[in-house]
Amino acid sequence: MAVSRTFSIIKPDATRRNLTGKVNAVIEDAGLRIVAQKRVRLSEAQAKTFYEVHKDRPFYGELVSQMTAEPVVVQVLEGENAVVRYREVMGSTNPKDAAEGTIRKLFALSIGENSVHGSDSPENATIEIAQFFSDGDIVG
Ligand code: ADP
Ligand code: MG
């Protein structure tokens, strides 16, 4: 299987509780490599663009306000089949459905405050990575 990349966000509910290191430990223990990382505060415009696909969903406003309320950590992860692998490591969107040992099972507070984002396809990973990192920022 070829090495590929995915995009990750450690969300405000996790940064607020000082869980960046614990989330990163789960990522690294799963065999994914953090090849770029920075802590940023998303603007409303950035969050709206990032979650545009959900703009007609009832939770969109709440999602944008949560994601902009406090800092996040944006990351590029690298590994074999990185998009699928990281979705496994994250667990289901609703932590009640998440498997044991997944980030969301371990740390999420609710379906909205679910600690991490991960890209859902290689195409979206490329788009999302480019929103936050230039090629020179990523050292594999
Ligand atoms: P995922 O993050 O697992 O890819 P989605 O892309 O479906 O999930 O949703 C994006 C984010 O929107 C979720 O991670 C979560 O923070 C929020 N969200 C999704 N569904 C709900 C919901 N029913 N109520 C509140 N927030 C939600
Ligand atoms: Mg999604």
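Structural notes, computed from the coordinates.

Thresholds applied
Residues numbered from 1 in each chain as written. Chains lettered and ligands numbered in written order. Predicted model: local features only at pLDDT ≥ 70, side-chain atom pairs only at ≥ 80, totals over all residues. Heavy atoms only, no water. Salt bridge = Lys/Arg side-chain N within 4 Å of Asp/Glu carboxyl O. Helix = DSSP H or I, 4+ residues; strand = E, 2+ residues; numbered from the N terminus. Buried < 20%, exposed > 50% of the residue type's maximum accessible area, 1.4 Å probe, protein only. Arc of directions from axis to C-beta. Contact = heavy atoms within 4.5 Å.

1. Re the pattern of salt bridges
Here is step 1: This model, assessed by the stated rule, comprises seven salt bridges.
Here is step 2: Across the pair Arg-16 and Glu-113 runs a salt bridge whose closest N-O atoms are separated by 3.1 Å. Here Arg-16 is found in helix 1 (residues 12–16), whereas its partner Glu-113 is found in the loop between helix 6 (103–107) and strand 4 (116–118), with 97 residues between them in sequence.
Here is step 3: The partly exposed category is assigned to Glu-113, whose relative accessible area is 21%.
Here is step 4: Lys-105 is the partner of Glu-100 in a salt bridge, and the nearest nitrogen-oxygen pair spans 3.7 Å.
Here is step 5: By relative accessible area, which is 35% here, Lys-105 ends up partly exposed.

2. Examining helix 5 (residues 82–90)
Here is step 1: Ala-82, Val-83, Tyr-86, Val-89 and Met-90 are the residues of helix 5 that are buried. Down the axis, helix 5 shows its buried residues gathered within 125 degrees of arc, on one side only.
Here is step 2: Buried residues along helix 5 sit in contact with strand 1 (3–10), helix 2 (20–29), strand 3 (72–80), helix 6, strand 4 and helix 7 (122–132).
Here is step 3: At the C-terminal side of helix 5, Gly-91 shows a positive phi close to 90 degrees.

By themselves, these are just geometric observations and shouldn't be taken as functional.
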